[in-house]
Amino acid sequence: MTEHPTSHEGRKAMAERPQERARPRQETAPGEAQSAAQNAAPNAAPASASPQVTATSTTTSTTASATVTSQTMTNPTVPGPAVTSPAVTSPAVTSQTAGATANATATDPAAGAAATAAAAVAVPVPAPGGAGGGSRSHPDGAGGAGGAPRREGERLRFVGAATRRIARGLDLDEIVLGLCRATVPTFSDAILVYLRDPLPVGDERPAEPFVLRLRRTDRLRLTDLEGEELVLVPDPDPTPAAELCEVRSGGALAEVLRGVRPVPGDSAAARTALPELLGPDHPLPNGQRAILAPLRGRRRVIGAAVFLRRPERAGFEPNDLLVAAQLATHTALGIDKAVLYGREAYIADELQRTMLPDSLPQPTGVRLASRYLPAAETARVGGDWYDAIPLPGSRVALVVGDVMGHSMTSAAIMGQLRTTAQTLAGLDLPPQEVLHHLDEQAQRLGENRMATCMYAVYDPVAHRITIANAGHPPPILLHLGGQAEVLQVPSGAPIGVGGVDFEAVELDAPAGATLLLYTDGLVESRLRDVSSGIELLRERLAATAQLTGPDHAPPLEALCDDVLDMLGPGDRDDDIALLAARFDGIAPNDVAYWYLEPEDSAPGRARRHARRALTRWGLEDLTDSVELLVSEVVTNAVRYAERPVTLRLLRTDVLRCEVGDDSPQLPRQRRARDTDEGGRGLFLVNRLARRWGATRLSGGKVVWFELATH
């Protein structure tokens, strides 16, 4: 018989108890027969004795022989004095044994009794058909009594091993592969798996028309390389099956799929349904060598599996339909769960990605790079986030946070906190005030909504950075010379605790330095604590900076990749968010700043200040455009301001002009009518400037515009 690779799993444990009960009988049966022979020898009658005595002795021996034979066949795997394997004994050997027993009985009744008992112990056990090998009859035609239980046991062990292999798969391809590997060659010589295209997910209505697509096919190919070698290949046969099959409503295939139960290949339904599924040119085996098994999930049929056997192999038995039904059921339910899991993983991944910035801004005076890594493929959603928010005055807010947990709830809370942080940053609140409002927002979201957050504001003009911390790991500043230091920032309490104050510190941010903000997943794992991880990160940054020399900072993207490379196999217990900022700053001679009193002469003074600054920077070509736009913006500010108006020009790769006043009302562009005297200032700004905008501050607003310098 053909045995599958896992057919012996658990066999010893299942067979020990029956063997222990049967072994004394099998061991003593030959002894009893031998004793009977020895006792009969001294009392044996001569050759001329009565025939009645001889017949009685023969009958007794035959009865004992039948008893031992029955016990031996009931326990075919029990080792006995003469039973060494379940292989079928040759008919010639059986005949010789029977003949020797008859001769011994005729000549010597005692010797005949012993020979009969020994022959009974040595009766060959017929080999069962197993899960896929069919049944082999006893040479004398009476071998089915012991083979049927053996075959049923083999089937149960095969189904158990096959379903375990199918259940190990997490995604659709792994489950289908598990079905193919479990059934070929043990149960069938070839298998074709068709799945609905597209596969319905959960309770959603399946698409019409009902189309089946060939997902995978495996077959057993025999190659003669120094003997017979079994090779499993993903190719059904030289005549390929149909790739797509549209199931016609009311057709034979639709009826079989609706019936759910597997049908044999020689049935009338299968003879009509198989050509419709596989195609009219695909050859079909004769007899009971094909099974068509529908794959039904929790609510609907999602596909079909076809099991095929070669002509030289025994056909499927009726009980094999039950095996095919079990395999189809486990496969279909596994596919259903895999599709649902795939949809949930896709939603979680999209939720996480959409809540993180698609791209980072590139504000004046600072360069940014970021990375995000999920905790694992099975937990791709988490609560870590990062953000970079441009602020008025060419400043930028750098934010990194971590919501506790790795669930959809954590991701949803992260999204709400990130949106809140963006709104608060737009109000130009100090970092400690932003954290205070985030703490209040987390408490409004519910109980135990905890998160850590680092909020920093970088000013490229002043070359200063203001940082406030809410229970987050401290940032690391990598200087241009290669020195890496952990910034001493008050840790504070996590967001969501409530009733705590946050403290901000202002530090130098020299040009060429790099600030690294990160979440605890980068420095903490089961192999090390947070302190050891922070020190390891600091050393890694310093070693990386040494490679580029004291006068050149390492590239930001390469630096982020190098930082992540320090993670080992056991260092991915949490998701990781990383934000790196390279401080370029703005030189003092590239900045011009003035205060203007809110009076009618302010626009004229603003034009003169701008003209002198442009002449000093060699940008006389922009004089006309800048004077016109500055005059319009300052005029609008003076109209509503009560305190002095600020005017600032910054020269970088673009020329940026910022006008601030104490009025919170933001200007809006509108289309002026022909008879209107005003309302055209912002229209001119929008047409002449490369970009422009307005930002509301805690004490007013800032209107800005940019012009290209080249």
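If you're wondering where the values come from, they're calculated on a predicted model, not measured in any experiment. (Residues numbered from 1 in each chain as written. Predicted model: local features only at pLDDT ≥ 70, side-chain atom pairs only at ≥ 80, totals over all residues. Heavy atoms only, no water.)

Would you explain the nonpolar core in this entry?
What tends to happen in soluble globular proteins is that the nonpolar side chains get buried as a cluster. By size, the foremost hydrophobic cluster in this structure holds 53 residues, and its most contacted members are L398, L435, L438 and F583. Here this core takes seven residues from strand β11 (residues 451–459), the largest share from any one element. Aside from chain neighbours lying at most four places away, what touches L398 is L368, D387, A388, M454, Y455, A456, L515, L517, L579 and A581. In this structure, A162, L195, A293 and A328 belong to the second largest nonpolar core, which totals 33 residues. (Core = buried A, V, L, I, M, F, W, Y, C linked by side-chain atoms within 4.5 Å. Buried < 20%, exposed > 50% of the residue type's maximum accessible area, 1.4 Å probe, protein only. Helix = DSSP H or I, 4+ residues; strand = E, 2+ residues; numbered from the N terminus. Contact = heavy atoms within 4.5 Å.)

Explain the packing of helix α7 (residues 252–259) against helix α8 (residues 268–278) to me, please; I cannot follow it from the model alone.
How two helices pack is summed up by the angle between their axes together with the distance between the axes. Between α7 and α8, whose axes approach to 8 Å, the crossing angle comes to 110°. By the angle class used here, α7 and α8 are roughly perpendicular. In this structure, α7 meets α8 at a crossing whose hand is left-handed. Of α8, the residues touching α7 (which contributes A252, L253 and V256) are A269, T272, A273, E276 and L277. Residues belonging to the contact of α7 with α8 are distributed by class as follows: six nonpolar, one polar and one charged. (Axes fitted to C-alpha atoms, helices over the stretch in contact; angles between N-to-C directions. Parallel < 35°, antiparallel > 145°, perpendicular 65-115°, else oblique. Left-handed = near helix turned anticlockwise from the far one by under 90°. Nonpolar A, V, L, I, M, F, W, Y, C, P; charged D, E, K, R; others polar.)

It is not clear to me how unusual backbone geometry should be interpreted in this structure. Could you clarify?
For residues other than glycine, phi is negative in most cases, and the peptide bonds are mostly trans. With an omega of 5°, the peptide bond running from V184 to P185 counts as cis. Inspection of the secondary structure assignment puts P185 in the loop between α6 (172–183) and β1 (190–196). Residues D197 and P198 are joined by a peptide bond in cis, for which omega reads 0°. Positioned with a positive phi, V260 is a non-glycine residue whose angle comes to about 70°. Structurally, V260 can be placed in the loop between α7 and β5 (263–264). Positive phi is not limited to glycine here, since H463 has a value of about 55°.

In this structure, what is going on with the sheet that holds strand β14 (residues 484–486)? I would like to understand it.
Note on sheets: strands pair through backbone hydrogen bonds, and any given pair is parallel or antiparallel. Judged by pairing direction, the sheet is antiparallel, and its five strands sit side by side in the order β8-β17-β16-β13-β14 without closing on themselves. The open sheet has two edge strands with one neighbour each: β8 (366–373) and β14. Direction aside, the axes of adjacent strands within the sheet are offset by 20° on average. Pairing geometry for strand β13 (residues 476–478) and strand β16 (residues 514–518), over three bridges, is antiparallel. Within β16, the residue paired with L477 across the bridge is L515. Packed on one face of the sheet, helix α13 (residues 556–564) meets β8, β13, β16 and β17 (576–583) and runs near 30° to β8. (Pairing = 2+ DSSP bridges.)

Please clarify how helix α10 (residues 408–426) should be interpreted in this entry.
Three or four residues apart is the spacing at which side chains of an α-helix point the same way, because the helix has 3.6 residues per turn. With 19 residues, α10 should reach 27 Å at 1.5 Å per residue; the first-to-last C-alpha distance of 27 Å fits that figure. Within α10 the residues assigned to the buried category are S410, A411, I413, M414, G415, L417, R418, T420, A421, L424 and A425. The inward-facing, buried residues of α10 contact α9 (318–355), β9 (384–390), β10 (396–403), α11 (431–445) and β11. A positive backbone phi angle near 60° is found at D428, which sits one or two residues after α10. (Expected span 1.5 Å × (residues − 1).)

Would you mind showing me how to read the pairing of β10 here?
Residues in a regular strand point their side chains to alternate faces of the sheet. In terms of burial, β10 is largely enclosed, as eight of its eight residues are buried. Here β10 shows a buried face lined by V396, L398, V400 and D402 and a second buried face lined by A397, V399, G401 and V403. Bridging between β9 and β10 involves seven bridges; their strand directions are antiparallel. Across the sheet, the residue bridging to Y386 is V400, located in β10. Between β9 and β10, which pair antiparallel one after the other, the connecting turn spans five residues, and G393 there sits at a positive phi close to 75°. The sheet contact formed by β10 and β11 spans eight bridges and is antiparallel. Looking at β11, one finds that A397 is bridged to V457.

For this particular structure, what's the right way to read the packing of aromatic side chains?
For any pair of aromatic rings, the description consists of the separation of the ring centres together with the inter-plane angle of the planes. In this structure the tally under the stated criterion is five aromatic pairs. Both rings, one in F187 and one in F316, keep their centres 5.3 Å apart while their planes meet at 40°; by these two values the pair is tilted. Of the two residues, F187 is situated in the loop between α6 and β1 and F316 in the loop between β7 (301–308) and α9; the sequence distance between them amounts to 129 residues. A relative accessible area of 0% means that F187 is categorised as buried. Judged by relative accessible area, which is 4%, F316 ranks as buried. (Phe/Tyr/Trp six-rings, centres within 6.5 Å; stacked < 30°, edge-to-face > 60°.)

Help me out: how do you make sense of the packing of α9 against α10 in this one?
Direction vectors running N to C along α9 and α10 enclose 15°, while the axes themselves pass 10 Å from each other. If you check the angle between α9 and α10, you find them roughly parallel. Between α9 and α10 the crossing geometry is left-handed. Contact residues: I347, A348, L351, Q352 and M355 in α9; M408, A411, A412, M414, G415 and R418 in α10. The residue makeup of the contact of α9 with α10, split by class, is eight nonpolar, two polar and one charged.

Can you walk me through the pattern of salt bridges in this structure?
Side chains carrying opposite charge are able to pair once their charged atoms draw close together. The full count for this structure, using the stated rule, is 32 salt bridges. Of the charged contacts, one joins R464 and E506 as a salt bridge, the two residues approaching to 3.3 Å between their closest N and O atoms. Highlighted residues: R464 in strand β12 (residues 464–470) and E506 in strand β15 (residues 504–508), separated in sequence by 42 residues. Note on E506: relative accessible area 47%, which makes it partly exposed. Sharing partners across several salt bridges, the network here consists of R648, R656, E658, R690, R691 and E706. (Salt bridge = Lys/Arg side-chain N within 4 Å of Asp/Glu carboxyl O.)

Can you help me understand the confidence of the model for the chain in this one?
Interpreting fine coordinate detail is not advised for predicted regions of low pLDDT. Averaged over all residues, the pLDDT of the chain equals 77, while 74% of them reach at least 70. Confidence over residues 1–143 falls short of pLDDT 50; this stretch has 131 contacts with residues more than four positions distant or in other chains. Note on residues 224–228: pLDDT under 50 across the span, and two contacts to partners over four residues away in sequence or across chains. (pLDDT = per-residue confidence, 0-100.)

Please clarify how the sheet that holds strand β19 (residues 645–651) should be interpreted in this entry.
If you walk across this open sheet you meet the five strands as β18-β19-β20-β22-β21, and the pairing is antiparallel. In this open sheet, the two edge strands, each paired with only one partner strand, are β18 (591–596) and β21 (691–697). Adjacent strand axes in the sheet meet at a mean angle of 15°, parallel and antiparallel pairs treated alike. Both β19 and strand β20 (residues 654–661) contribute to a ladder of six bridges, which runs antiparallel. Looking at β20, one finds that L649 is bridged to C657. The strands that helix α14 (residues 602–617) touches are β18, β19 and β20; relative to β18, the one it contacts most, it runs at about 165°.

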